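# Structural overview
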Amino acid sequence: MMRTVVIDDEPNARQVVKNILEQYCKSIEIIGEADSVSEGVKIINKLNPDLVLLDIRMPDGTGFNLLKKVRHLNFHFVFITAYEEYAIQAIRQSALDYIVKPINTNELIEAVEKAELTRPRESELKNKLDTLSYNQSGDRSDKRLVLNTQESIYIVKVEEIVSCKADKNYTEVNIINGKKLVISKTLKDIEEMLLGCGFFRTHQSHLVNLKYIDHYEKGLGGTIIMNDSSRIPVSSRKKDVFLQLMSKL
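Report follows, based on the coordinates. What you see is a predicted model; the values in this text were computed from it and never measured.

### Observations concerning the environment of Met 226
Relative to the assigned elements, Met 226 resides in strand E16 (residues 223–226). Through-space distance from the C-alpha of Met 226 to that of Pro 49 is 48 Å; in sequence the pair is 177 residues apart. Ignoring sequence-local partners within four residues, the contact set of Met 226 consists of Val 162, Val 208, Asn 209, Tyr 212, Ile 213, Asp 214 and Ile 232.

### Describing the nonpolar core
With 25 residues, the main nonpolar core has Ile 7, Leu 66, Leu 67, Phe 77 and Phe 79 as its most contacted residues. Looking at this core, the elements that each hand over two or more residues are strand E1 (2–7), helix H2 (37–47), strand E3 (51–55), helix H3 (63–69), strand E6 (76–82), helix H4 (85–93) and helix H6 (122–136). When residues of this core are assigned to their parent elements, the largest contribution, 4 residues, is made by H2. The residues touching Phe 79, leaving out its near neighbours within four places in the chain, are Leu 54, Ile 56, Gly 63, Phe 64, Leu 67, Ile 91, Leu 96, Asp 97, Tyr 98 and Ile 99. With 18 residues, the next largest nonpolar core counts Ile 99, Ile 103, Leu 108 and Ala 111 among its residues.

### Side note on the pairing of strand E13 (residues 199–203)
When you tally the buried positions in E13, you get 4 out of 5 residues, the bulk of the element. Between E13 and strand E14 (residues 206–209), which pair antiparallel in sequence order, lie 2 residues.

### Some points on the sheet that holds E6
Ordered by their spatial adjacency, 5 strands build an open sheet running E2-E1-E3-E6-E7, and the pairing between neighbours is parallel. Edge positions in the sheet fall to strand E2 (28–34) and strand E7 (98–101), since each of these pairs with one other strand and no more. Shown here is a sheet whose adjacent strand axes are inclined to one another by a mean of 20°, direction ignored. Pairing of E6 with E7, which is carried by 4 bridges, proceeds in the parallel orientation. Each residue of the ladder has a partner; that of Ile 80, found in E7, is Ile 99. Along the sheet, helix H5 (residues 105–117) makes contact with E1, E2, E3, E6 and E7, crossing E7 at roughly 165°.

### Comments concerning the sheet that holds strand E12 (residues 180–183)
One open sheet accounts for 5 strands, arranged E12-E11-E10-E14-E13; its pairing is antiparallel. The two strands at the open ends of the sheet, each matched to only one other strand, are E12 and E13. Taken pair by pair, the neighbouring strands of this sheet meet at an average axis angle of 20°, ignoring direction.

### Notes on the packing of aromatic side chains
Evaluation of the coordinates by the stated rule reveals 5 aromatic pairs. Taken together, the ring pairs connect Phe 64, Phe 75, Phe 77 and Phe 79 into an aromatic cluster.

### Re the pattern of salt bridges
The full count for this structure, using the stated rule, is 12 salt bridges. A salt bridge links Glu 191 to Arg 201; the shortest N-O distance between them is 2.7 Å. Linking Glu 191 in helix H7 (residues 187–193) with Arg 201 in strand E13, this pair joins segments that are 10 residues apart in sequence. Accessibility expressed as a relative area gives 26% for Glu 191, which makes it partly exposed.

Conventions we followed
Residues numbered from 1 in each chain as written. Predicted model: local features only at pLDDT ≥ 70, side-chain atom pairs only at ≥ 80, totals over all residues. Heavy atoms only, no water. Helix = DSSP H or I, 4+ residues; strand = E, 2+ residues; numbered from the N terminus. Contact = heavy atoms within 4.5 Å. Core = buried A, V, L, I, M, F, W, Y, C linked by side-chain atoms within 4.5 Å. Buried < 20%, exposed > 50% of the residue type's maximum accessible area, 1.4 Å probe, protein only. Pairing = 2+ DSSP bridges. Axes fitted to C-alpha atoms, helices over the stretch in contact; angles between N-to-C directions. Phe/Tyr/Trp six-rings, centres within 6.5 Å; stacked < 30°, edge-to-face > 60°. Salt bridge = Lys/Arg side-chain N within 4 Å of Asp/Glu carboxyl O.

Printed below as a string of structure tokens:
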């Protein structure tokens, strides 16, 4: 059984979560709940749960604050949040799990099933939280991404990503130093993580960092030549938008 704590300042929200877990997640045992950061810290330190489902905004702080205050970060956690584009983007960039209010049953079930498949590692979770804090501290031009490969977890500066290439449900991320990271996220996932960071989807299978474009070869859609000499196709339907962007660089 996965011993679980639910933390949210809204009683109705906690009840919705508990109802879904009790009905659909038979491997879950709800061992406690809390309505604030201070009470959440106490109950986590006392009960040592396997999984914590926690709201981001509470009267006495945030779910991020809570995780920094607990004695040991040795449990899975999933953020529950009302839709806030920038907060969600920062969570995605840090490779942390979240679900959006109003809570979708299937999304909550999937989050629980994902937690059941892996074992939490305190050092990795702290690195992800540190990346989240870093990206949230002001309007940073050097944002970072947490990228998981089959072998390792990398923290990469967004400004060092040259391009990304889709490979079915995987994405090849090409770094300025020539390193290639293959991660188990779709190109759409990566595109959402990089919104507002100077990237453009040139093609169904390609995403480029505009600052690393060397030149553009004209054609039906055309081809971008990157600074690392890689060739990136531009689809005919993206050509006009791309040329407009080029004219503003």
